[in-house]
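Understanding the architecture of this molecule
Each chain, written out:
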Amino acid sequence: AQSVTQLGSHVSVSEGALVLLRCNYSSSVPPYLFWYVQYPNQGLQLLLKYTSAATLVKGINGFEAEFKKSETSFHLTKPSAHMSDAAEYFCAVSTQGGSEKLVFGKGTKLTVNP
Amino acid sequence: GAGVSQSPSNKVTEKGKDVELRCDPISGHTALYWYRQRLGQGLEFLIYFQGNSAPDKSGLPSDRFSAERTGESVSTLTIQRTQQEDSAVYLCATALDPRSTIYFGEGSWLTVV
């Protein structure tokens, strides 16, 4: 069975600062990993996904994530936070190439301070 | 339509009543998923439809929960004899096929009082 742990239910950064949202996964088979973002009053949107190609994955809005098998991690980063990045971020794992039965973490709410 | 549409967006119901939640998928999307998100929790998988195949119901928490979908059309999630612990956001998501990006609706907020 797969599981996802997101460290920190709330993260607060200043505008222009580095964003680092942590995700660790557990999977008995090679995983497929996803980051989703949920802006206030909107549905979840896919930010990026890892499907066993390059370990550094670039997504939308300047976000990227690096798959580290030795650390079972898939942390999400952005060099410089923008006010519009304030949202809730979810890490998810699947053992399939697509999105069947994605297992989600509990989410991390990002606050960006001016 | 342009996106996944869910209705109602908000529903307050009395304990013991039945509720029905609706999901209109993006046209042509064969895969459809229902998830539940309780306050402060991650998304829990409920059920998955793929075309005309038998649905994967492994995530339904009890026999009070059921869902239907005919072909690639609308899906309804029904909760019978609602309980307070059923209060959550119910999210529908659809994908062109199981290996494609899934798109989420905005969810139906259910409050059982």
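**Considering the environment of phenylalanine 67 of chain A**
Residue and element names in this part refer to chain A.
- Within the fold, phenylalanine 67 resides in strand E7 (residues 64-68).
- Placed 35 residues apart in sequence, phenylalanine 67 and leucine 102 show a C-alpha to C-alpha distance of 17 Å.
- Leaving out residues up to four positions away in the same chain, phenylalanine 67 has contacts with Tyr25, Pro31, Leu33, Tyr50, Thr55, Ser73 and Phe74.

**Considering the nonpolar core**
Residue and element names in this part refer to chain A.
- In this structure, Trp35, Phe74, Leu76 and Tyr89 are the most contacted members of the largest nonpolar core, which totals 27 residues.
- Of all elements in the fold, only strand E2 (10-14), strand E3 (19-26), strand E4 (32-38), strand E5 (44-50), E7, strand E8 (73-78), strand E9 (87-94) and strand E11 (108-113) reach the threshold of two or more residues within this core.
- Apart from the residues within four sequence positions on either side, leucine 76 is in contact with Val19, Leu20, Leu21, Trp35, Leu47, Leu48, Phe63, Glu64, Ala65 and Tyr89.

**Section: the layout of surface pockets**
- Approximately 870 Å³ is the volume found for the largest pocket.
- Forming the boundary of the largest pocket are 36 residues, of which Gln38 and Glu88 of chain A together with Gln37, Val89 and Trp109 of chain B lie nearest the centre.
- Take the lining of the largest pocket: its biggest share by element is three residues, from strand E10 (residues 108-112) of chain B.
- When grouped by side-chain class, the residues that make up the lining of the largest pocket number twelve nonpolar, 19 polar and five charged.

**Examining the interface of chain A and chain B**
- Taken together, the 18 residues of chain A in the interface contact 20 residues of chain B.
- Applying the counting criterion to the chain A and chain B interface returns zero salt bridges.
- If you look at where chain A meets chain B, you find one residue pair in polar contact (both at pLDDT 80 or more).
- Considering every element that reaches the side of chain A that touches chain B, the biggest residue donor is E5 of chain A, with three residues.
- Split by residue class, the side of chain A that touches chain B holds six nonpolar, eight polar and four charged.

So, how was this worked out
Residues numbered from 1 in each chain as written. Chains lettered and ligands numbered in written order. Predicted model: local features only at pLDDT ≥ 70, side-chain atom pairs only at ≥ 80, totals over all residues. Heavy atoms only, no water. Helix = DSSP H or I, 4+ residues; strand = E, 2+ residues; numbered from the N terminus. Contact = heavy atoms within 4.5 Å. Core = buried A, V, L, I, M, F, W, Y, C linked by side-chain atoms within 4.5 Å. Buried < 20%, exposed > 50% of the residue type's maximum accessible area, 1.4 Å probe, protein only. 1 Å grid on protein atoms, 1.4 Å probe; cavity = no way out; pocket = protein on both sides within 12 Å on 5 of 7 lines; lining within 4 Å. Points joined across faces, edges and corners; volume = space filled by probe spheres on them. Nonpolar A, V, L, I, M, F, W, Y, C, P; charged D, E, K, R; others polar. Salt bridge = Lys/Arg side-chain N within 4 Å of Asp/Glu carboxyl O. Polar contact = N/O pair within 3.5 Å; in protein donor to acceptor, adjacent residues only side chain to side chain.

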